[in-house]
2 protein chains.
Amino acid sequence: MKFIDLQDVEYIALGAALLGTGGGGDPHLGKLMAIQAIKQNGPVQLFDPDEVPDDAVIVPTAMMGAPTVLIEKLANGEEVLRAFNGIKKYAGKDIYATLPIEAGGVNSMIPISVAARTGIPLLDCDGMGRAFPELQMTSFHLWDVSATPMIIADEKGNTVIMESINNFWTETLARNICVTMGGSVMLSIYQMPGKVLKEACIRNTLSLSAKIGESILTARKKGKNPIKNLLEVTGGFELFKGKVIDVLRRTEGGFVRGEAQIEGIEDYRGKNLKVQFQNENLIAIRDEKIIASVPDLICIVNLDSAIPVTTEAIRYGHRVLVLSIPCDPKWRTPRGIETVGPRYFGYDVDYIPVEKLISEGGNHQ
Amino acid sequence: MKFIDLQDVEYIALGAALLGTGGGGDPHLGKLMAIQAIKQNGPVQLFDPDEVPDDAVIVPTAMMGAPTVLIEKLANGEEVLRAFNGIKKYAGKDIYATLPIEAGGVNSMIPISVAARTGIPLLDCDGMGRAFPELQMTSFHLWDVSATPMIIADEKGNTVIMESINNFWTETLARNICVTMGGSVMLSIYQMPGKVLKEACIRNTLSLSAKIGESILTARKKGKNPIKNLLEVTGGFELFKGKVIDVLRRTEGGFVRGEAQIEGIEDYRGKNLKVQFQNENLIAIRDEKIIASVPDLICIVNLDSAIPVTTEAIRYGHRVLVLSIPCDPKWRTPRGIETVGPRYFGYDVDYIPVEKLISEGGNHQ
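Residues numbered from 1 in each chain as written. Chains lettered and ligands numbered in written order. Predicted model: local features only at pLDDT ≥ 70, side-chain atom pairs only at ≥ 80, totals over all residues. Heavy atoms only, no water.

- For chain A, the name recorded in an unreviewed UniProt entry is DUF917 domain-containing protein, with Atribacter laminatus as its organism.

This is the structure in structure tokens:
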């Protein structure tokens, strides 16, 4: 895939929503933005990170906010251009390419829209290989890339340029600004030279998303079982099948936090599974044992269609499959675990890779 | 006064604290910053606004935050230079001079410190002729000067540049950023050309402050009654003499809000006065009748020394005089009243000038 066309957008939005592990935005909203931009400006060039010159500057573009807000408060498309053009002006440098900061139904699409509207290439990589709720939770952060100077732009026309002393302060300040601006905003963040990107990024996020999306959408046509197909394509593990019997969800401090309770069906009859989330799914607990946790991906999909279910959309009665996909090896390093492991999110347990948890039948909390 | 020396600083800090009507910061803390800067760099040149070329750019510098926080969380002096130098760089223009955004024990002193450290002149004017709690409450705002681009800098090293769509959004965003940064921050704000300044500013704030401060500090030496002297110098009216019997005060949303209850003594025995404040004193109610309100100045001073008492320092047992000074005519226009009149602060009454209220014995709420 050297160009992203309208069909690719469909696939990527869906596949990235799966990698978004419940967060990263609704794929339907995301793809509307990208489709409009491509219809107006033509297909987007997709470059491999290795095609970026070492001294060229790249900047990821993204939407920030609680998923529950994103689905109510839509972007008008101008604010992300303001964020992108602003960083170009502020840094006094040409921007060679853009890329997603994370995988997700909206956050895979924003940079496609920016690339289409500005004529620059999109890079086949991101900073998470999934979605995480906070701005410092990127592989760029593990490589000591500063998130700032960053630009935050809202749909009303307000713009903030931030220079912070570290990426935790960036998160704290930007989260509050985001809430004050109405709960969802557009960002340009983590500008860096090509040389750093090549080491620090997580590769193939968009091509993997396209492959996943295609597998979901075309399995039936090819006479395949969509779930089996999905597990093959992602290298994921089945954790549970069941019916959602309760969802607790509240939007606070710029995040949606909560828990979904799932009652087992088929092979899982008599068992239960809890998935707790902060924008993204953080931990899966089966019959009181942790069966998967961050940074491994915990994905919830419709049991029949394999379409991903996001944390703002999951509700009583959904029949779902819960699967887990091993995270990128960058997250399994000591610094990776410190940044996005279960302890960072308040769980008093060590991280155990999902493949080990499954073979051992889970870990007592 | 063509130069501000250490003696002038003492006078200005005290006089500006009176004009600060309870807010604008503690004069003792304020003068420490200015004294240190003048000791290191020499006296500061004081210019009249008319000495600024029409096309020269000026920028007020200030501290923002709840007075209860300002007295606990001191500035290190570098953050305001970061705010000042940042705006110079961002605007790509030389800054000709600085000035206070408001009168106040700290906010009269910040620009003195900036002027001393950068070698630029200070201007004998401000944007309020008193202090007000919110950023859009300036005479500059009445002249449609944009508060942005503005810079917010904290003592940790974080910097935010803001471009907002109007001065109310500036206030909303900056207030939240201020709270997130710890409750007090330094600003450069309302940059404008000399031509606009000359029309929009409130003049003689610093020379009037110096005159007031001198009258307070030297009355006794000259064998004068400090209170009588103060009323003469300010053109103010005595509203009440009494003993503070209760103070309600809470710090919330970046403001200190509350009420002081004062029981009458001397001529006011058997009467009572309530002063309600949001950083600054907003309204004075004597025996259930409004006797003075914003935008007129309501000042509380020690009954013996005439030293101003700020809203974060006032407490049970203080024997005080409450006086009111008519505000600058700019505030008595329809737009002025709309911006800072009693209705803006939630009081369901029309503004009546203090001299009229006094002659009529007050206005029923």
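## Section: the interface of chain A and chain B
Then, in step 1: Each partner contributes residues to the interface: chain A has 18 residues there, and chain B has 18 residues.
Then, in step 2: Roughly 1,700 Å² is buried in total at the junction of chain A and chain B, and carbon and sulfur atoms are behind 66% of that figure.
Then, in step 3: Our count for the chain A to chain B interface comes out at 0 salt bridges.
Then, in step 4: The tally of links between chain A and chain B comes to 5 residue pairs in polar contact (both at pLDDT 80 or more).
Then, in step 5: Those elements that place two or more of their residues in the side of chain A that touches chain B are strand S9 (159-163) and helix H7 (167-180) of chain A.
Then, in step 6: No other element matches the 6 residues that H7 of chain A contributes to the side of chain A that touches chain B.
Then, in step 7: For the side of chain A that touches chain B, the residue count by class is 9 nonpolar, 7 polar and 2 charged.
Then, in step 8: Bridge count for S9 of chain A against strand S9 (residues 159-163) of chain B is 5 bridges, and the pairing is antiparallel. Its bridge partner lying in S9 of chain B, Ile 161 of chain A is registered against Ile 161 of chain B. (Contact = heavy atoms within 4.5 Å. Buried area = accessible area lost by both parts, 1.4 Å probe. Salt bridge = Lys/Arg side-chain N within 4 Å of Asp/Glu carboxyl O. Polar contact = N/O pair within 3.5 Å; in protein donor to acceptor, adjacent residues only side chain to side chain. Helix = DSSP H or I, 4+ residues; strand = E, 2+ residues; numbered from the N terminus. Nonpolar A, V, L, I, M, F, W, Y, C, P; charged D, E, K, R; others polar. Pairing = 2+ DSSP bridges.)

## Here's the deal with the relation of the copies chain A and chain B
Then, in step 1: In screw terms, the move from chain A to chain B is a rotation of 180 degrees and a rise of 0.0 Å along the axis, fitting with an RMSD of 0.0 Å. Both chain copies can therefore be described as sitting about a two-fold axis. Closest to the rotation axis within chain A is the C-alpha of Ile 161 of chain A, separated from it by 2.4 Å.
Then, in step 2: Both copies contact each other with a shared surface, as 100% of the interface residues of chain A are interface residues in chain B too. (Least-squares fit on C-alpha atoms with pLDDT ≥ 70 in both.)

## Considering unusual backbone geometry
Residue and element names in this part refer to chain A.
Then, in step 1: The omega angle of the peptide bond from Thr 148 to Pro 149 is 5 degrees, so this bond is cis rather than trans.
Then, in step 2: By the secondary structure assignment, Pro 149 is in the loop between helix H6 (139-142) and strand S8 (150-153).
Then, in step 3: Despite not being glycine, Asp 287 shows a phi value in the positive range, around 45 degrees.
Then, in step 4: When you line up the elements, Asp 287 lands in the loop between strand S16 (280-286) and strand S17 (289-293).
Then, in step 5: Taking the relative accessible area as the measure of exposure, Asp 287 reaches 30% and is therefore partly exposed. (Buried < 20%, exposed > 50% of the residue type's maximum accessible area, 1.4 Å probe, protein only.)

## Focus on the UniProt feature "domain: S-Me-THD-like C-terminal" (unreviewed entry) in chain A
Then, in step 1: Under the UniProt annotation, "domain: S-Me-THD-like C-terminal" (unreviewed entry) lies at residues 166-354 of chain A.
Then, in step 2: A distance of 31 Å separates the end C-alpha atoms of residues 166-354 of chain A, which is 28% helix and 35% strand. (UniProt positions renumbered as here; feature names shortened; annotations may be inferred.)

## Comments concerning the packing of H7 of chain A against helix H7 (residues 167-180) of chain B
Then, in step 1: In the contact formed by H7 of chain A and H7 of chain B, the axes pass within 9 Å of each other and the chain directions differ by 145 degrees. For H7 of chain A against H7 of chain B, the interelement crossing comes out right-handed. Taking contact as the criterion, the partners of Trp 169, Thr 172, Leu 173, Asn 176, Ile 177 and Thr 180 of chain A in H7 of chain A are, on H7 of chain B, Trp 169, Thr 172, Leu 173, Asn 176, Ile 177 and Thr 180 of chain B. (Axes fitted to C-alpha atoms, helices over the stretch in contact; angles between N-to-C directions. Left-handed = near helix turned anticlockwise from the far one by under 90°.)

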